[in-house]
Amino acid sequence: MDPTGRRIRKIDRDAQRFVARALGNTDLSLSDYDMIHTVRHRPGVTQEELRRLYCLDKSTIARRAAKLEAAGYISRLPSPGDKRRKQLFVTERGNALREAKVEAESFYFEWLTAELTEGELELLVPLLNRIQIRSREERRQEFCRLLAAYAEKHPEEGQSRTGREGVLSLPE
């Protein structure tokens, strides 16, 4: 049972909706923002590396990259070692979008916490930091320990919800 009642996820979803409306970028999905973020933190990443990272098929990554390139948020350049491979880089427009997104998120979270007392914030912030650090550390390990624990708890699961090998499956 989730002791948070998925509240962290619900708050995040509301924040992302606010950001999309505040920036007027309703044509960008959360996945689009995520790809821009990843490319920003991994300049020169290839579409194949993104495919493996996100566990998506080539065509999905290629379409998303083409959409973001057409909108001017990323550029795709031939790899120096292999001209068939494309390396992705965030453009000035992509960096500007990131800055505007951070500003809108900060505004939202300042508003969200405005009614908390100083004492409540002193309790909340360190707890959120601990949770975020735990999550980030596991993500950096590609969720290996967490996926193993989940598979152990759910041994009957074999295919992911998308049909790829994984620990989750959908009923037929």
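Conventions used here
- Every chain is numbered independently, its residues counted from 1 as its sequence is written.
- Selection of residues for local features in this predicted model requires a pLDDT of at least 70, selection of side-chain atom pairs for listing and counting requires 80 or more, and totals for whole chains, interfaces and linings are taken over all residues.
- By convention in this description, side-chain values take in all heavy atoms of the structure and omit both hydrogens and water.
- Under the scheme used here, helices are H or I runs from DSSP no shorter than 4 residues and strands are E runs no shorter than 2 residues, and both carry numbers assigned from the N terminus.
- Burial status follows relative accessibility: with a 1.4 Å probe on protein chains alone, a residue under 20% of its type maximum counts as buried, one over 50% as exposed, and anything between as partly exposed.
- Any two residues whose heavy atoms approach within 4.5 Å are treated as being in contact.
- All accessible areas in this document rest on Shrake-Rupley with a 1.4 Å probe, and a residue is counted as covered only by the protein chains that are shown.
- Working convention for charge: Lys and Arg count positive, Asp and Glu count negative, and His plus the chain ends are omitted.
- The atoms used to mark charge sites are NZ of Lys, CZ of Arg, CG of Asp and CD of Glu.
- Take the buried Ala, Val, Leu, Ile, Met, Phe, Trp, Tyr and Cys residues and link them wherever side-chain atoms come within 4.5 Å; each set so joined is a nonpolar core.
- Classification of ring pairs uses Phe, Tyr and Trp, with its six-membered ring standing for Trp, and accepts pairs whose centres are within 6.5 Å; under 30 degrees between planes counts as stacked, over 60 as edge-to-face, and the remaining range as tilted.

(A) Molecular detail of the overall build of the protein. For the protein, the helix and strand inventory stands at seven helices and three strands. Seen in sequence order, the protein has helices and strands lined up from the N terminus as α-α-β-α-α-β-β-α-α-α. Projected onto the principal axes, the alpha-carbon positions of the protein cover approximately 55 × 45 × 30 Å. Residues classed as buried in the protein amount to 23% of the 172 residues present. A fraction of 44% describes how many contacts in the protein between residues 6 or more apart in sequence connect residues 24 or more apart. Accessible surface computed for the protein: about 12,700 Å², of which carbon and sulfur atoms make up 55%. Measuring between centres, the 32 positive side-chain charges of the protein sit 5 Å from its 28 negative side-chain charges.

(B) Summary view of the nonpolar core. Counting 16 residues, the largest nonpolar core has M35, I36, V39, L50, L68, I74 and L88 as the members making the most contacts within it. Elements represented by at least two residues in this core include exactly α2 (30–41), α3 (47–54), α4 (58–70) and β3 (86–90). With four residues, the single largest contributor to this core is α2. Each residue touching I74, except ones within four places of it in the same chain, is listed here: I36, V39, A65, L68, E69, L88, F89, V90 and T91.

(C) Main features of the packing of aromatic side chains. For the coordinates displayed, the defined rule picks out four aromatic pairs. When the centroid spacing of 6.3 Å and the interplanar angle of 15° are considered together, the rings of F18 and F107 count as stacked. Residue F18 is found in helix α1 (residues 7–23), and its partner F107 is found in helix α5 (residues 92–113); the two are separated by 89 residues along the sequence. Ring geometry for Y108 and F109: centres 5.3 Å apart, planes at 85°, overall edge-to-face. Residue class for F109 comes out partly exposed when judged on its relative accessible area of 35%. Cluster of aromatic residues (ring-pair linked, three or more members): F18, F107, Y108, F109 and W111.

(D) Quick peek at unusual backbone geometry. Positive phi values are uncommon outside glycine, yet C55 reaches one of about 55°. Within the secondary structure, C55 sits in the loop between α3 and α4. Exposure remark for C55: the relative accessible area of 45% places this residue in the partly exposed category. Phi is positive for F143, close to 60°, though the residue is something other than glycine. With respect to the element layout, F143 can be found in the loop between α6 (118–140) and α7 (144–153). Classification of F143 as partly exposed rests on a relative accessible area of 35%.

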